[in-house]
Amino acid sequence: MEEEFQTECDLRTVYKLLHRVKLSWISGRSKHPNQDLEAQETFKKTSARK
């Protein structure tokens, strides 16, 4: 906020402003550093779907 708009404000204020204009803060799901992407893809392909 300070760099872009030359103003200081609390994080809570940012969330309140986002809410006021009907926006939300969405972040990506975190990933474990030791996850095995290949094993996950194999599981997706071989697991039974309901």
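Keep in mind that what you see is a predicted model, and the values were worked out from it rather than measured.

## Quick notes on helix H2 (residues 11–20)
- N-capping of H2 is provided by aspartate 10, with a side-chain oxygen placed 3.2 Å from the backbone N of arginine 12.
- Lysine 22 occupies a position one or two residues after H2 and carries a positive phi of about 60°.

## Some words on the pattern of salt bridges
- Per the stated rule, a full pass over the model turns up one salt bridge.
- Its salt-bridge partner being lysine 44, residue glutamate 41 comes within 3.3 Å of it at the nearest N-O pair. Taken together, the positions of glutamate 41 and lysine 44, both in helix H3 (residues 37–46) and three residues apart, correspond to about one turn of that helix.
- Residue class for lysine 44 comes out partly exposed when judged on its relative accessible area of 46%.

## Some thoughts on the environment of threonine 46
- For threonine 46, the position within the fold is in helix H3.
- Among the polar contacts listed, one links the side chain of threonine 46 to the backbone oxygen of threonine 42, at a separation of 2.9 Å.

## Observations concerning a nonpolar patch on the surface
- A surface patch of nonpolar side chains, about 290 Å² in accessible area, is lined by Met1, Phe5 and Leu17.
- With respect to the element layout, phenylalanine 5 can be found in helix H1 (residues 2–5).
- The exposure class of phenylalanine 5 is exposed, given its relative accessible area of 52%.

## Looking at unusual backbone geometry
- The phi dihedral of glutamine 6 is positive, around 55°, even though this residue is not glycine.
- You can see glutamine 6 is positioned in the loop between H1 and H2.
- Although it is not a glycine, lysine 22 sits at a positive phi angle of roughly 60°.
- Considering the arrangement of structural elements, one finds lysine 22 in the loop between H2 and H3.
- The exposure class of lysine 22 is exposed, given its relative accessible area of 76%.

Reading the values: rules and limits
In every chain, residue numbers begin from 1 and rise along the written sequence. With pLDDT at 70 or above as the cut-off, local features in this predicted model cover only qualifying residues; side-chain atom pairs require 80 or more to be listed or tallied, and sums for whole chains, interfaces and linings still use all residues. Calculated side-chain values reflect all of the structure's heavy atoms, with hydrogen atoms and water omitted. Under this definition, polar contacts are N or O atom pairs within 3.5 Å; protein pairs additionally need one hydrogen-donor-capable and one acceptor-capable atom, and for neighbouring residues in sequence, both atoms have to be side-chain atoms. Only DSSP runs of H or I with at least four residues qualify as helices, and only runs of E with at least two residues qualify as strands; both kinds are numbered from the N terminus onward. Should a side-chain nitrogen of Lys or Arg be within 4 Å of a carboxyl oxygen of Asp or Glu, the pair is scored as a salt bridge. The rule is simple: take the accessible area with a 1.4 Å probe, protein chains only, and divide by the maximum for that residue type; under 20% is buried, over 50% is exposed, in between is partly exposed. Nonpolar side chains (Val, Leu, Ile, Met, Phe, Trp, Tyr) within 5 Å and like charges within 9 Å form the patches, drawn only from residues with over 30% relative accessible area and no salt bridge. All accessibility values rest on the Shrake-Rupley procedure with a 1.4 Å probe; residue burial counts only the protein chains present in the view.

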